[in-house]
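# Notes for the structure review
Each chain, written out:
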Amino acid sequence: MSTTIRRYVQAVVDQAGIEAQREGATTIEAQHLLLAIATEPEANTQQALSAAGLDYEGIRTALQREFEQSLGVAGVSLATSDMTTRPGAGHARPTKLGASAKLALERGLGKRRGESRPLHLLLGILQAEKGTVPRALETAGINQSELTMRVIEQLTVHDD
Amino acid sequence: MSVEVQHSEDPGAALAAVTALRRLADQLEDSAVERAMRSGWSWPQVAEALGVTRQAVHKKHAKRLVAAGVALRRR
């Protein structure tokens, strides 16, 4: 892995830790990596996300909606909950990667040694078939397959 | 808060509900432990109420509560 991509991945994982802390999570998951990618000023990943109409706030909104919808399946509504929750308040910032984040990194960067690029990390997240990220994208009306194909095309253009 | 699991054709929706409930339970635990400690509960009382050891509850919440300015009773 080149120094540039290593620095990028480290910056994304660091920011993802902040996102996980904000949520009160004990591990960094794929959705935190996606939020972190949306905050990193890297031209190709920003282009891929914005072409799909996604930005940091849009992803956060989609994740929150997915959370509330999933609670709704169990008949639980945050609006009717009388408990005051302050997610993440005072919790230490997580540094450990959870299962979904590990999978995303393996899928995106695992087999490519030297030639990995930031888009590969985004691709690794988007290639998840199940879980919070696919469900949140669906909630936001984003076609995950199209977005994934667009990222692959972007990578192919850069390879030429 | 009532919990009534809806029957969904989609197993993904049911699994996502489990994930969301775990996350909500963690948030509720944080809030409830903080309220109890601010009300003067001891670690053993909170641990007993949660059905865990006092070491477990102390390890999970002590730093956070100190950071939040909660005056903690001795263990």
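## A few points about the overall build of chain A
In terms of regular secondary structure, chain A is built from 8 helices and 0 strands. The order of α-helices and β-strands along chain A, N terminus first, is α-α-α-α-α-α-α-α. The buried share of chain A, reckoned over its 160 residues, is 46%. Summed over all atoms, the accessible surface of chain A reaches about 8200 Å², with 50% contributed by carbon and sulfur.

## Re the overall build of chain B
The helix and strand tally for chain B stands at 3 helices and 0 strands. Going from N to C terminus, chain B has its helices and strands arranged as α-α-α. When burial is assessed residue by residue, chain B has 32% of its 75 residues classed as buried. When the accessible surface of chain B is split by element, carbon and sulfur atoms take 53% of a total near 5000 Å².

## Re the side chain of Glu42 of chain A
Residues and elements named next belong to chain A. Within the secondary structure layout, Glu42 lies in the loop between helix H2 (30-39) and helix H3 (43-51). The charged side chain of Glu42 is buried without a salt bridge, its nearest counter-charge being Arg117 at 7.7 Å. A polar atom in the side chain of Glu42 sits 2.8 Å from the backbone nitrogen of Thr45. Glu42 has contacts with Tyr8 and Pro118, leaving out every residue within four places of it along the chain.

## Section: the nonpolar core
Residues and elements named next belong to chain A. Residues Leu33, Ile37, Leu121, Leu122 and Val151 are the most contacted members of the largest nonpolar core, which totals 41 residues. Secondary structure elements with two or more residues in this core: helix H1 (3-23), H2, H3, helix H4 (56-73), helix H5 (99-109), helix H6 (118-126), helix H7 (132-139) and helix H8 (144-159). For Ile37, the contacting residues outside a window of four places in its chain are Tyr8, Val12, Thr45, Gln46, Leu49, Leu121, Leu122 and Ile125.

## Section: the packing of H3 of chain A against H6 of chain A
All names here are of chain A. Viewed as axis vectors pointing N to C, H3 and H6 meet at an angle of 40 degrees, and their least axial separation amounts to 8 Å. Looking at the two axes, H3 sits oblique to H6. Here H3 and H6 pass one another in a crossing that is right-handed. Together, Asn44, Thr45, Ala48 and Leu49 of H3 and Pro118, Leu119 and Leu122 of H6 make up the contact between the two elements. Counted by class, the contact of H3 with H6 contains 5 nonpolar, 2 polar and no charged residues.

## Details of the packing of aromatic side chains
Summed over the entire model, instances satisfying the criterion amount to 0 aromatic pairs over all chains. Directly above the aromatic system of Phe67 of chain A lies the positively charged group of Arg23 of chain B, at a separation of 3.8 Å from the ring centroid.

## What to know about H7 of chain A
Residue and element names in this part refer to chain A. Along H7, the residues that are buried comprise Val133, Pro134, Ala136 and Leu137. Each buried residue of H7 lies within a common arc of 165 degrees when the element is viewed along its axis, so the set occupies one face. Backbone geometry just after H7 places Gly141 at a positive phi near 75 degrees.

## Here's the deal with the environment of Leu126 of chain A
All names here are of chain A. On the secondary structure map, Leu126 appears in helix H6. When the C-alpha positions of Leu126 and Leu147 are compared, they lie 7.9 Å apart, and in sequence the two are 21 residues distant. Ignoring sequence-local partners within four residues, the contact set of Leu126 consists of Leu137, Gln144, Leu147, Thr148 and Val151.

## What to know about the confidence of the model for chain B
Mean pLDDT for chain B: 87, with 87% of residues reaching 70 or above. Confidence scores differ between elements of chain B, with helix H3 (residues 54-67) of chain B showing the lowest mean pLDDT of 91 and helix H2 (residues 43-50) of chain B the highest of 96.

## Things to note about the packing of H4 of chain A against H7 of chain A
Residue and element names in this part refer to chain A. It is at 8 Å that the axes of H4 and H7 come closest, and there the two elements cross at 100 degrees. What the angle tells us is that H4 and H7 run roughly perpendicular. Of H7, the residues touching H4 (which contributes Ala62, Leu63, Arg65, Glu66, Gln69 and Ser70) are Thr132, Arg135, Ala136 and Thr139. Of the residues assigned to the contact of H4 with H7, the class counts are 3 nonpolar, 4 polar and 3 charged.

## A look at the pattern of salt bridges
Residues and elements named next belong to chain B. Evaluated as defined, the whole model comprises 9 salt bridges over all chains. Arg64 is the salt-bridge partner of Asp30, the closest N and O atoms lying 3.9 Å from each other. Here the residue Asp30 occupies a position in helix H1 (residues 11-38), and Arg64 occupies one in helix H3, the gap between them amounting to 34 residues. Across the pair, Arg64 and Asp30 agree in class, each one buried. By sharing partners, the salt bridges in this structure join Asp30, Glu34, Arg38 and Arg64 into a single network.

The rules behind the values
Residues numbered from 1 in each chain as written. Chains lettered and ligands numbered in written order. Predicted model: local features only at pLDDT ≥ 70, side-chain atom pairs only at ≥ 80, totals over all residues. Heavy atoms only, no water. Helix = DSSP H or I, 4+ residues; strand = E, 2+ residues; numbered from the N terminus. Buried < 20%, exposed > 50% of the residue type's maximum accessible area, 1.4 Å probe, protein only. Areas by Shrake-Rupley, 256 points an atom, 1.4 Å probe, with all protein chains shown as cover. Lys, Arg positive; Asp, Glu negative; His and termini not counted. Salt bridge = Lys/Arg side-chain N within 4 Å of Asp/Glu carboxyl O. Polar contact = N/O pair within 3.5 Å; in protein donor to acceptor, adjacent residues only side chain to side chain. Contact = heavy atoms within 4.5 Å. Core = buried A, V, L, I, M, F, W, Y, C linked by side-chain atoms within 4.5 Å. Axes fitted to C-alpha atoms, helices over the stretch in contact; angles between N-to-C directions. Parallel < 35°, antiparallel > 145°, perpendicular 65-115°, else oblique. Left-handed = near helix turned anticlockwise from the far one by under 90°. Nonpolar A, V, L, I, M, F, W, Y, C, P; charged D, E, K, R; others polar. Phe/Tyr/Trp six-rings, centres within 6.5 Å; stacked < 30°, edge-to-face > 60°. Lys NZ or Arg CZ within 6 Å of the ring centre and 35° of its normal. Arc of directions from axis to C-beta. pLDDT = per-residue confidence, 0-100.

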